[in-house]
Amino acid sequence: MTDWKTRLAIISDEADDSFRDAVEFCVPLGIRNYEIRKLGGGRFPDVTDDAIQEVIDAVAEYDLNLIGVSPGFFKGPLDADVIARTFAQDLPKAFRLMERLSLRRMTLFTFRRGSRDEAIPAEIYDHLGAAIELCGREGIEVLLENASSIYSDTGANLATIARTLGVSVVWDPANGAASGERSWRDGYKPTRDLLVHVHFKNWRPSDGFVYIDAGVVDLRAQVAALQADGYSGYYCLEPHQWDDRRNAVRANHQQLMTLLEAD
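All of these numbers come straight from a predicted model, not from anything done at the bench.

A. Focus on the overall build of the protein chain. Along the protein chain, the regular secondary structure elements total 9 helices and 12 strands. Relative to the globule expectation of 18 Å for 263 residues, the C-alpha radius of gyration of the protein chain, 17 Å, shows essentially globular dimensions. Residues counted as buried form 54% of the 263 residues belonging to the protein chain. Looking at the protein chain alone, contacts between residues at least 24 apart form 75% of all its contacts between residues at least 6 apart. The averaged location of the 41 negative side-chain charges in the protein chain is 2 Å from the averaged location of its 29 positive side-chain charges.

Okay, here's the thing in structure tokens:
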């Protein structure tokens, strides 16, 4: 069964900040689905008009699918001024650009945690709930993602926050490992019925993010579980190896293909 081939994806700036250059490298690898994070000018929505037009033109030329945007909103601490600016300026700007790109899905984060043992504060639900409501008025679906620095660090915390807010998730097993999760199963079990995207990279305590087949996460078993459970979302590459982006994309793509082809 090879329907996963239509669901291979990448965050475009993992290959190149230029969307067109990223696409010209990735399309020959069979990747036709792209998540937007950083473009010319900076991280979305702080990007140039030329960068947006480049995306529009490349999508039309190559018949691509934009699967979402990750502006990094609410990745920092619970800072009242930053939060106010996000609502007053950043979200409206993102909405305008997403309309131009015909994008209807946005990933949000869940605020920086002070320590690993800190409880999830009720305050984050107020801010995230307000953002989700605004996005809903614009016809935009919100996803939440796990990352080691924020309250949705582990899969369990991601699922708790997402279920409370009634949204789906982006699951990153390597980020779960970097958050102290002992096994990908611990994070996958509570999130598996909420998944829309799964990000693929690996992690090793001594080196940080590494190739898919070089870290502590058993991604072969994770992929097998996704396939066994009938996962229908995207398999999205996010190597996070900035010193040699193209080779990292090429190597991780091949390793992910090997895992997907195993079944």
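More follows now that the structure is in view.
B. Highlighting the pairing of strand β5 (residues 65-69). In terms of burial, β5 is largely enclosed, as 4 of its 5 residues are buried. Both strand β2 (residues 33-36) and β5 contribute to a ladder of 4 bridges, which runs parallel. Looking across to β5, one finds that Glu35 is bridged to Gly68.

C. Seen up close, the nonpolar core. Counting 80 residues, the largest nonpolar core has Phe19, Tyr34, Phe44 and Met106 as the members making the most contacts within it. Here the element with the most residues in this core is helix α3 (residues 80-101); it accounts for 7 residues. With residues up to four places along the chain from it excluded, the contact list for Tyr34 reads Ile10, Ser12, Phe19, Val23, Cys26, Val27, Leu64, Asn65, Leu66, Ile67 and Gly68.

D. Local environment of helix α7 (residues 184-191). Along α7, the residues that are buried comprise Trp184, Gly187, Tyr188 and Thr191. What you see down the axis of α7 is that its buried residues fit within an arc of 95 degrees, all on one side. If you follow the buried residues of α7, they end up packed against α5 (155-165), β8 (168-171), α6 (173-178), β9 (195-200) and α8 (219-228). Near the N-terminus of α7, the side chain that reaches the backbone nitrogen of Arg185, with its oxygen 3.1 Å away, is that of Ser183.

E. Structural view of the packing of aromatic side chains. Evaluation of the coordinates by the stated rule reveals 6 aromatic pairs. Aromatic side chains Phe74 and Phe111 sit 5.1 Å apart centroid to centroid with 45 degrees between the ring planes, which places their arrangement in the tilted category. In this pair, Phe74 is assigned in the loop between β5 and α3 and Phe111 in the loop between β6 (105-108) and α4 (123-137), connecting sequence segments 37 residues apart. Take Phe74: its relative accessible area is 6%, and that puts it in the buried class. Taking relative accessible area as the criterion, Phe111 reaches 1% and is therefore assigned buried. Here the aromatic rings of Trp184 and Tyr188 are separated by 5.8 Å at their centres, their planes lie at 50 degrees, and the arrangement is tilted. Of this pair, Trp184 and Tyr188 both sit in helix α7, 4 residues apart, which is roughly one turn of that helix. Here Trp184 matches Tyr188 in class, with each residue buried. A cation over an aromatic ring shows up here: Lys201 above the ring of Phe209, its NZ or CZ 4.9 Å from the ring centre.

The rules we used
Residues numbered from 1 in each chain as written. Predicted model: local features only at pLDDT ≥ 70, side-chain atom pairs only at ≥ 80, totals over all residues. Heavy atoms only, no water. Helix = DSSP H or I, 4+ residues; strand = E, 2+ residues; numbered from the N terminus. Rg over C-alpha atoms; globule rule 2.2 N^0.38 Å. Buried < 20%, exposed > 50% of the residue type's maximum accessible area, 1.4 Å probe, protein only. Contact = heavy atoms within 4.5 Å. Lys, Arg positive; Asp, Glu negative; His and termini not counted. Charge placed at Lys NZ, Arg CZ, Asp CG, Glu CD. Pairing = 2+ DSSP bridges. Core = buried A, V, L, I, M, F, W, Y, C linked by side-chain atoms within 4.5 Å. Arc of directions from axis to C-beta. Polar contact = N/O pair within 3.5 Å; in protein donor to acceptor, adjacent residues only side chain to side chain. Phe/Tyr/Trp six-rings, centres within 6.5 Å; stacked < 30°, edge-to-face > 60°. Lys NZ or Arg CZ within 6 Å of the ring centre and 35° of its normal.

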